[in-house]
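Chain by chain, the residues:
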2 protein chains.
Amino acid sequence: MALLSRIESALEASLRLSGAPGCPPRLHQAIRHAVFPGGARIRPQLCLAVALACGDDDPGLSDAMGAALELLHCGSLVHDDLPCFDNADTRRGLPSVHKAFGERLAVLAGDALIVMAFRELGRASAHHPERLPVVMRLLDESVGPPTGIIAGQAWECESSARLDEYQRAKTGALFSAATAGGAAAAGADGQAWFALGGNLGEAYQVADDIRDVVSDPALLGKPVGQDLLLDRPSAARELGLDGAVIHFDRLIAQAIDSIPVCPGEGLLRSLVLAESRRLVPSEGPFGVDRPARVAPMRSTPAIEPAGAARSGFKPSTVLGAGQAS
Amino acid sequence: MALLSRIESALEASLRLSGAPGCPPRLHQAIRHAVFPGGARIRPQLCLAVALACGDDDPGLSDAMGAALELLHCGSLVHDDLPCFDNADTRRGLPSVHKAFGERLAVLAGDALIVMAFRELGRASAHHPERLPVVMRLLDESVGPPTGIIAGQAWECESSARLDEYQRAKTGALFSAATAGGAAAAGADGQAWFALGGNLGEAYQVADDIRDVVSDPALLGKPVGQDLLLDRPSAARELGLDGAVIHFDRLIAQAIDSIPVCPGEGLLRSLVLAESRRLVPSEGPFGVDRPARVAPMRSTPAIEPAGAARSGFKPSTVLGAGQAS
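Now for a look at the structure at hand.

1. Observations concerning the relation of the copies chain A and chain B
Thought 1: Mapping chain A onto chain B calls for a screw motion: a turn of 180° about the axis and a shift of 0.0 Å along it, with 0.0 Å RMSD after fitting. Such a turn and shift between the copies fits a two-fold axis. For chain A, the residue whose C-alpha comes nearest the rotation axis is aspartate 111 of chain A, separated from it by 3.2 Å.
Thought 2: A shared interface surface links the copies, since 100% of the contact residues of chain A are contact residues in chain B too.

2. Some points on the environment of glutamate 156 of chain A
All names here are of chain A.
Thought 1: Relative to the assigned elements, glutamate 156 resides in the loop between α8 (149–154) and α9 (163–185).
Thought 2: Residue glutamate 156 is classed as buried on the basis of its C-beta count, with 20 C-beta atoms lying within 10 Å.
Thought 3: Taking the C-alpha atoms as reference points, glutamate 156 and leucine 271, 115 residues apart in sequence, are found 32 Å from one another.

3. Comments concerning the nonpolar core
Thought 1: Ala109 and Leu113 of chain A together with Ala109 and Leu113 of chain B are the most contacted members of the largest nonpolar core, which totals 198 residues.
Thought 2: With residues near it in sequence (within four places) discarded, leucine 113 of chain A still touches Ile31, Ala34, Leu71, Leu72, Cys74 and Gly75 of chain A.

4. Side note on helix α1 (residues 3–18) of chain A
For an α-helix, 3.6 residues make a turn, and residues three or four places apart therefore share a direction.
Residues and elements named next belong to chain A.
Thought 1: Compared with an ideal rise of 1.5 Å per residue, which puts 16 residues at 22 Å, α1 spans 23 Å between its outermost C-alpha atoms and is within 8% of the ideal.
Thought 2: Considered for burial, the residues of α1 that qualify are Leu3, Ile7, Ala10, Leu11, Ser14, Leu15 and Ser18. The buried residues of α1 occupy one face: seen down the axis, they fall within an arc of 135°. Of the exposed residues in α1, those oriented more than 90 degrees away from the buried face are Ser5 and Arg16.

5. Concerning the interface of chain A and chain B
Thought 1: With 49 residues of chain A at the contact, the number on the chain B side is 50 residues.
Thought 2: Mapped onto the side of chain A that touches chain B, the elements with two or more residues apiece are α2 (25–35), α6 (103–122), α7 (132–143) and α8 of chain A.
Thought 3: At 13 residues, the largest contribution of residues to the side of chain A that touches chain B is made by α6 of chain A.
Thought 4: Of the residues that constitute the side of chain A that touches chain B, the class distribution is 28 nonpolar, eleven polar and ten charged.

Thresholds applied
- Residue numbers restart at each chain and count upward from 1, following the sequence in its written direction.
- Both sets of labels track the order of writing: A upward for chains, 1 upward for ligands.
- Given that this is a predicted model, residues contribute local features only at a pLDDT of at least 70 and side-chain atom pairs are listed and counted only at 80 or more, while totals for whole chains, interfaces and linings are drawn from all residues.
- When the copies are overlaid, the least-squares fit takes in C-alpha atoms only where the residue has pLDDT of at least 70 in both copies.
- Here, residues touch in the contact sense if the C-beta positions derived from the backbone fall within 7 Å of one another.
- By the criteria applied, helices consist of DSSP H or I runs no shorter than four residues and strands consist of E runs no shorter than two, each listed in order from the N terminus.
- Exposure classification rests on a simple neighbour count of other C-beta atoms within 10 Å of a residue's own: a residue reaching 20 or more is buried, one at 12 or fewer is exposed, and one in between is partly exposed. C-beta atoms are placed from the backbone.
- Any set of buried Ala, Val, Leu, Ile, Met, Phe, Trp, Tyr and Cys residues joined through C-beta atoms within 7 Å is what this text calls a nonpolar core.
- By this rule, a helix spans an expected 1.5 Å times one less than how many residues it contains.
- The arc in question is formed by the directions pointing from the helix axis toward the C-beta atoms.
- The nonpolar class holds Ala, Val, Leu, Ile, Met, Phe, Trp, Tyr, Cys and Pro. Asp, Glu, Lys and Arg form the charged class, and all remaining residues, Gly among them, are polar.

Below is the structure:
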């Protein structure tokens, strides 16, 4: 089954469980609105891609890890959109959850999504119970304080924050958990996969900062110019647009270099490269001009696009479905 | 070690973990403000009392279950106090978290406390890993939809709600998890302990409704008259004050009757009786007049106060520290 189909099925199953008889109907609707239709499902696809690269001997557990990451991501978006944070009216081109269902149900839907994430793991450990504490720890570290996504968001409430620390927590943490969690769900050593997720997550955040400057809100599906408006740390504000693009390309190169030796190594390199082009393209409506000096960004021959083309593999249909988050 | 000391130690350890280097300082302070100084710590004490009654052969796991329940409870209070819900300025006689730290950190502290609850369980399974999925499931059911405390709160956002369904989810769910979870953490059958927690939780909610009508806000540590003001379902509103007291006494009698046969049975009965008198006393500043016809509320000889007095046991110092929550 294609990665995206596995993820959508796992998310549907999770919502069937939370929306079972007895659930307040509007809470269920608010949760559904937060999860479907989804964005790129980038974190769970990354998780499953790594699990497959490591043998994926327990697909139920890797599906659960992927779904857990997406549920947490969706929950964080619901809370980030609240009036006290970004006060965003739209998300993925639709009304944000608090706009559609009110602020109270947005708070509760976000809370429920955190619980549902841990529920996914707890109920998928039948085949390899010894892996449960390992994947749970990866999940709790990626979301909770001191350095998970909640801490990342909380840096916006401090009078000063280091950009790298902020981005590592706000975005990198969930990406690191995606790669390490995919490996751990397949019984491999998660530690070896942290660098891939960490670099990709930081790159993803930088890409988000770049898009916040150069995009059209109608195409992006959410408001732009928010970092400046809300005085948030941003790579594009700190490094300038050119500097941010250089930084992005460097992070992608580091991500590709960090991929451990494994059967699916070549495929993963192609995936990361394709995803990087989707995030910060050189052409098209979101295209940015890359400064000439960073043109040779690829650090290893294995990621050459020709290689990907020869394999007949179409990464864009597997990893990254076109929307921002 | 006394139950309360075990709980405070477990909570302190949890906060050391979440507040480790890298944590945004104000987020850590907001979490601490939500957890310390605590209220009665009634749920974790109930959890540990049941674990002890079942042998408590893995105190690390029962402590984790107790701490998890209290972290969830504290998190739910932080979110319930938010301007979009109760808009409460005070909690336990101090400024509520959003009053002290702002709305954004209140949302994030509540989120963090949910994560920390699951973290507690995930990291305490070394001695009995086979119990981890069991206690996790009890925890996720008690907090997540369809019928956990988040669903209970969400019933306040529906145009109509059944009082019993609302109270069972809003308060009963966490009490049921306390008794079933205490048993499961000690390797016993949690199912047999659901009724005790369910009845106590409902009784506790009814007591809260009664206090919302008859209390002095200075003594209670939070505003009163909120159910009427916020048009919330309430036993005192639905049944009248007399009817609510009758309902409370009946729930306590059912709770006591439901205690399974176990070594600590007599002690638990005394605890429940003492706690019921703390919650809805007949005398003192929160005293209510009990209608004459419910005076013989005790359904079994084992709960006679003389029995508790003869044992030399002082329940009020173990279960219930005087504050409302």
